[in-house]
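Residues per chain, in single letters:
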Amino acid sequence: MTTSAELLRSFARTRASLDGAEVTYWWSGDVYSWAPEEPYLRVFGFEGINVARLVQDPEAGPDACRLLSREAAFYLDPVTREILETWQDLPVVHVWNDPANQKWGTYPVPVTELGGQVCFSLEIPLAYPSPLPADRYPVHSAGDTYKALELFQFFADRADLAGPAAGVPATMSWTRMSPWLPWMARGRRPGGLTFHCRGHKLGSYAEVPERIRAHIAGHHPEFARAPEEWSEPNETSWTYFRKLVPPK
């Protein structure tokens with residue numbers, strides 16, 4: 001991994017598969033609330049999947065590619081780990097992001113050597129106009145600017161990356177700091193949420209826990225497969241909520 005192209009190739013084999021095969025990641029963790037003068041609280045469990053395929057992006061150069069993916073994730077009771085339908089008498093809006101695509105160029109991906117492992121780190125600070133402006137969503141919006149911090153780590157064995165396989169086994173961690181979720185109806189109340197999860201690349205979608213597969217099959221069965229073609233813009237929890245609750 002001495003050039004940016006080699007680095008991207010190794011990351012692509014860790015995150016997905018160079019042969020375009022579908023790759024499923026599963027993760028599990030918890031969501032914590034924070035607010036001034038209040039204790040940190042574990043408010044939800046969180047469990048989800050991402051199903052993706054990697055394709056070349058000839059328009060962007062010989063080493064560029066696109067990740068075509070969908071992701072679904074579910075808020076859980078923090079004790080029983082059951083998928084929630086309501087929270088504090090409010091309907092829960094789960095994560096149904098379709099698409100959740102990415103364009104990859106030959107920019108350097110930060111790498112840390114960990115003995116026999118390699119860790120790829122992605123640190124993504126976000127700040128852009130909120131899809132839910134406060135004047136039109138006073139109960140559901142924390143402000144006119146959506147601000148969050150997404151922190152990903154993907155771990156692969158050096159020995160696997162030295163081999164010829166199109167994709168290699170991998171584990172991952174993900175942390176996100178974000179505003180209150182729109183459906184929590186906290187408005188501009190100070191504070192927000194921290195998501196803390198970990199997971200791994202599965203051998204196939206069939207390895208996703210059965211209750212998650214059943215929930216997806218019963219609500220949005222298309223999330224069991226990766227998209228076939230590029231589309232935009234990406235869906236987020238905020239844009240999905242806007243579709244469910246159009247501005248008045």
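Below is a summary of the structure that appears in this document. (Residues numbered from 1 in each chain as written. Predicted model: local features only at pLDDT ≥ 70, side-chain atom pairs only at ≥ 80, totals over all residues. Heavy atoms only, no water.)

**A closer look at the overall build of the protein chain**
Thought 1: On a plain count of helices and strands, the protein chain comes out with four helices and 12 strands.
Thought 2: Taken against the 2.2 N^0.38 rule, which gives 18 Å for 248 residues, the C-alpha radius of gyration of the protein chain at 19 Å falls within 12% of a compact globule.
Thought 3: The buried share of the protein chain, taken over its 248 residues, is 47%.
Thought 4: At a minimum sequence separation of 6, the contacts of the protein chain that also span at least 24 residues come to 67%.
Thought 5: Only carbon and sulfur atoms are counted for the fraction: they give 55% of the accessible area of the protein chain, which is about 12,500 Å².
Thought 6: Between the averaged position of the 24 positive side-chain charges in the protein chain and that of its 30 negative side-chain charges there is a distance of 3 Å. (Helix = DSSP H or I, 4+ residues; strand = E, 2+ residues; numbered from the N terminus. Rg over C-alpha atoms; globule rule 2.2 N^0.38 Å. Buried < 20%, exposed > 50% of the residue type's maximum accessible area, 1.4 Å probe, protein only. Contact = heavy atoms within 4.5 Å. Areas by Shrake-Rupley, 256 points an atom, 1.4 Å probe, with all protein chains shown as cover. Lys, Arg positive; Asp, Glu negative; His and termini not counted. Charge placed at Lys NZ, Arg CZ, Asp CG, Glu CD.)

**What to know about the side chain of Asn 50**
Thought 1: Here Asn 50 is to be found in strand S2 (residues 41–56).
Thought 2: A polar contact is formed between the side chain of Asn 50 and the side chain of Ser 69, at a distance of 3.2 Å.
Thought 3: Setting aside anything within four residues of it in sequence, one finds Asn 50 in contact with Arg 15, Val 23, Thr 24, Tyr 25, Trp 27, Ser 69, Arg 70 and Glu 71. (Polar contact = N/O pair within 3.5 Å; in protein donor to acceptor, adjacent residues only side chain to side chain.)

**With respect to the pattern of salt bridges**
Thought 1: Enumeration according to the criterion identifies 12 salt bridges in this entry.
Thought 2: Salt-bridge contacts for Arg 66 lead to Asp 57; the nearest nitrogen and oxygen are separated by 3.2 Å. An identical accessibility class is assigned to Arg 66 and Asp 57; each is buried.
Thought 3: A single salt-bridge network, built from bridges that share partners, covers Glu 22, Arg 53, Arg 225 and Glu 228. (Salt bridge = Lys/Arg side-chain N within 4 Å of Asp/Glu carboxyl O.)

**Quick word on the pairing of S2**
Thought 1: Most of S2 sits out of view: 12 of its 16 residues are buried.
Thought 2: Relative to S2, strand S1 (residues 23–34) runs antiparallel, the two sharing 11 bridges. Each residue of the ladder has a partner; that of Ser 33, found in S2, is Leu 41.
Thought 3: Taken together, S1 and the strand that follows it, S2, pair antiparallel across an intervening segment of six residues, in which Glu 37 is found at a positive phi of about 65°.
Thought 4: Across 12 bridges, S2 lies against strand S3 (residues 65–76) in antiparallel orientation. Bridging across to S3, Asn 50 finds its partner in Glu 71. (Pairing = 2+ DSSP bridges.)

**Some points on helix H4 (residues 237–244)**
Thought 1: Taken together, the buried positions of H4 are occupied by Ser 237, Trp 238, Tyr 240 and Phe 241. The arc that holds every buried residue of H4, seen down its axis, measures 160°, which confines them to one face.
Thought 2: Where H4 is buried, its residues touch strand S6 (95–97) and strand S10 (145–157). (Arc of directions from axis to C-beta.)

**Looking at empty space enclosed by the protein**
Thought 1: Evaluation of the coordinates by the stated rule reveals two cavities of 30 Å³ or more.
Thought 2: A volume near 50 Å³ is recorded for the largest cavity.
Thought 3: Lining the largest cavity are Ser 130, His 140, Ser 141, Ala 142, Gly 143, Thr 145, Tyr 146, Pro 179, Trp 180 and Trp 238.
Thought 4: Grouping the constituent residues of the lining of the largest cavity by class yields five nonpolar, five polar and no charged. (1 Å grid on protein atoms, 1.4 Å probe; cavity = no way out; pocket = protein on both sides within 12 Å on 5 of 7 lines; lining within 4 Å. Points joined across faces, edges and corners; volume = space filled by probe spheres on them. Nonpolar A, V, L, I, M, F, W, Y, C, P; charged D, E, K, R; others polar.)

All we've got here are geometric facts, nothing functional implied.
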